[in-house]
Amino acid sequence: MNARQDTTNSYLKSLAVLTVLIFAVLAVASPSFLTATNLNSMGFQFPEFGLLALAVLPTMISGGIDLSVVATANLAAITAAVIMKAAPELAWLAIPAALAVGTACGAFNGFLIAYLRLPPILATLGTMQLFAGFGIAITRGPAITGLPDWYTAFGNWSIGGILPLPLLLFALVALALSVLLRRTPVGLRLRLFGANPVAARFAGIRERGLLIRIYAITGFIAALAGLVVLARVNSANADYGSSYLLLVILINILAGVSPAGGFGTVAGVVLAVISLQFISSGLNSLSFSAFSRDLFFGGLLVAVMSLRAAAGSVGFATLFQRKAKPHEGASPLPARNPDAHSWPVGP
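Keep in mind it's a predicted model, so treat the numbers as computed, not measured.

## Describing the confidence of the model for the chain
Of the residues in the chain, 87% have a pLDDT of 70 or more, and the chain-wide mean is 85. Taken element by element, the predicted model of the chain shows its lowest mean pLDDT in helix α14 (residues 317-320) (40) and its highest in helix α4 (residues 94-114) (97). The low-confidence segment residues 337-347, where pLDDT is below 50, has 21 contacts with residues more than four positions distant or belonging to other chains.

## Comments concerning the pattern of salt bridges
All chains considered together, the criterion is met by one salt bridge. For the salt bridge of Glu48 with Arg232, the shortest nitrogen-to-oxygen distance reads 2.3 Å. Residue Glu48 is located in helix α2 (residues 36-61), and its partner Arg232 is located in helix α10 (residues 207-233); the two are separated by 184 residues in the primary sequence. Residue Glu48 is classed as buried on the basis of its relative accessible area of 0%.

## So, the environment of Arg232
A relative accessible area of 26% means that Arg232 is categorised as partly exposed. Remark: the alpha-carbon pair of Arg232 and Glu48, spanning 184 residues in sequence, is separated by 9.5 Å. Contact partners of Arg232, with chain neighbours within four places excluded, come to Phe44, Gln45, Glu48, Gly155, Asn156 and Tyr240. Only 2.3 Å separates the side chain of Arg232 from the side chain of Glu48, close enough to count as a polar contact.

## A look at the packing of aromatic side chains
Counted under the stated rule, the structure contains nine aromatic pairs. Note on Tyr240 and Tyr244: the rings are 6.3 Å apart at their centroids and 85 degrees apart in plane angle, and the pair reads as edge-to-face. In this structure an aromatic cluster arises from ring pairing among Phe23, Phe33 and Phe278. Over the ring of Phe202 we find Arg201, and its NZ or CZ is 5.1 Å from the ring centre.

## Observations concerning the nonpolar core
Formed by 93 residues in total, the largest nonpolar core has its most connected members in Leu52, Ile251 and Val269. The greatest single-element share of this core, amounting to 13 residues, is contributed by α10. Discounting chain neighbours no more than four positions away, the residues touching Val269 are Ala53, Leu54, Leu57, Ile251, Asn252, Ala255 and Val257.

## Here we look at the environment of Ala53
Its location among the elements puts Ala53 in helix α2. Take Ala53: its relative accessible area is 0%, and that puts it in the buried class. Each C-alpha atom of the pair Ala53 and Leu245 lies 8.8 Å from the other, and the pair is 192 residues apart in sequence. The contacts of Ala53, once residues within four sequence positions are left out, are Val248, Ile251, Asn252, Val269 and Val273.

## Section: α10
Over its 27 residues, α10 extends 39 Å from the first C-alpha to the last, a length consistent with the 39 Å expected when each residue adds 1.5 Å. Note on α10: the residue one or two positions beyond its end, Asn234, has a positive phi of about 60 degrees.

## Describing unusual backbone geometry
One non-glycine residue, Arg117, lies in positive phi territory at about 60 degrees. Secondary-structure assignment places Arg117 in the loop between α4 and α5 (120-139). Since its relative accessible area comes to 29%, Arg117 is described here as partly exposed. Even without glycine at this site, Arg140 takes up a positive phi of about 60 degrees. Following the sequence through the fold, Arg140 ends up in the loop between α5 and β1 (144-145).

## Remarks on the packing of α2 against helix α11 (residues 244-254)
Viewed as axis vectors pointing N to C, α2 and α11 meet at an angle of 60 degrees, and their least axial separation amounts to 9 Å. What the angle tells us is that α2 and α11 run oblique. Here the hand of the crossing between α2 and α11 comes out right-handed. Of α11, the residues touching α2 (which contributes Glu48, Phe49, Leu52, Ala53, Val56, Leu57 and Met60) are Tyr244, Leu247, Val248, Ile251, Asn252 and Ile253. A per-class count over the contact of α2 with α11 returns 11 nonpolar, one polar and one charged.

## Describing the packing of α2 against helix α7 (residues 165-183)
Contact geometry of α2 with α7 gives a least axis separation of 8 Å together with a crossing angle of 15 degrees. Viewed along their axes, α2 and α7 adopt a mutual orientation that is roughly parallel. The two elements α2 and α7 cross, and the hand of that crossing is left-handed. Taken together, the residues of α7 that come into contact with α2 (itself represented by Gly43, Phe44, Phe46, Pro47, Gly50, Leu51, Leu54, Leu57, Pro58 and Ile61) are Pro166, Leu167, Leu169, Phe170, Val173, Ala174, Leu177 and Leu181. Of the residues that constitute the contact of α2 with α7, the class distribution is 16 nonpolar, two polar and no charged.

## Looking at α2
For α2, built from 26 residues, the straight-helix expectation of 38 Å at 1.5 Å per residue is met to within 8% by its first-to-last C-alpha distance of 37 Å. The sharpest bend along α2 comes to roughly 35 degrees, located at Pro47. Counting buried residues along α2, 20 of its 26 residues qualify, which places the element largely inside the surrounding structure. Immediately downstream of α2, the backbone of Gly63 shows phi near 95 degrees, a positive value.

How each quantity is defined
Residues numbered from 1 in each chain as written. Predicted model: local features only at pLDDT ≥ 70, side-chain atom pairs only at ≥ 80, totals over all residues. Heavy atoms only, no water. pLDDT = per-residue confidence, 0-100. Helix = DSSP H or I, 4+ residues; strand = E, 2+ residues; numbered from the N terminus. Contact = heavy atoms within 4.5 Å. Salt bridge = Lys/Arg side-chain N within 4 Å of Asp/Glu carboxyl O. Buried < 20%, exposed > 50% of the residue type's maximum accessible area, 1.4 Å probe, protein only. Polar contact = N/O pair within 3.5 Å; in protein donor to acceptor, adjacent residues only side chain to side chain. Phe/Tyr/Trp six-rings, centres within 6.5 Å; stacked < 30°, edge-to-face > 60°. Lys NZ or Arg CZ within 6 Å of the ring centre and 35° of its normal. Core = buried A, V, L, I, M, F, W, Y, C linked by side-chain atoms within 4.5 Å. Expected span 1.5 Å × (residues − 1). Axes fitted to C-alpha atoms, helices over the stretch in contact; angles between N-to-C directions. Parallel < 35°, antiparallel > 145°, perpendicular 65-115°, else oblique. Left-handed = near helix turned anticlockwise from the far one by under 90°. Nonpolar A, V, L, I, M, F, W, Y, C, P; charged D, E, K, R; others polar. Bend = angle between axes of the 7 residues up to and from the residue.

Below is the structure:
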């Protein structure tokens, strides 16, 4: 086992212990936390922002970010709702159309970043407003409601009365994304590019095509999240989930994903999603308001980032950043500037 695998596993074990501790503390502090109703409710709630967090993960591994995932999810949901309402006989086309819209939105983000050389944070900040604007123009403000019963049933259906269908979808997407990132050439190229774009260029990786594929995958997963929301709440709105963006970034940072790129695991994201769902449900059980929850999550994001920076300055960077030691006899790769994207000169 190399240094990176060892420290990654250590971080995941620590995060798993933290998740169990949060669960235990809240179970003792709030008698209603362990009720079947509350646990079932959590199983329906967290797949929404859990899928969005999984969508952001590949972009952060690449050294970028996608701030438009919530807007993409809403636009995909609006697309599906419009088709279901306008042509009930063609309602079966709504789901593939929504997934196509999400994929196209992601590919457009990748085009802006790969070909126009826009910084990911600025490109996706702009498209976040663009996609939200499209959604508002389509709905003209009010939410689209009154969807077919067969579709909304999926958002509130449990397999055997125990396993919520959205939770099963989240698990399948997490498994598929884990295989993509760990067992395929695309995942290997993505990690190499995120860790060191210069080395990736010399290795012959076509980063333009890679970035477009990665952001298209992000858009596809975001569209899945939008379809889950649409089925659960029976409505589509351009500004649904406005607080989710902070949450999905917090999840990835808590999961140990490096903001500079190159490192991140699906298992870490899953554990972070579960931890924050426990905290959110616990705060609700303890009668905290939604405003205090947002305040808590914002403070937690700052605290985690500060802790990681402080740990690196006092010599614990291997725990939080998980840098691998160079192999003996191998020349270390040139360092990457985490504050800038490095792009090849050629096509």
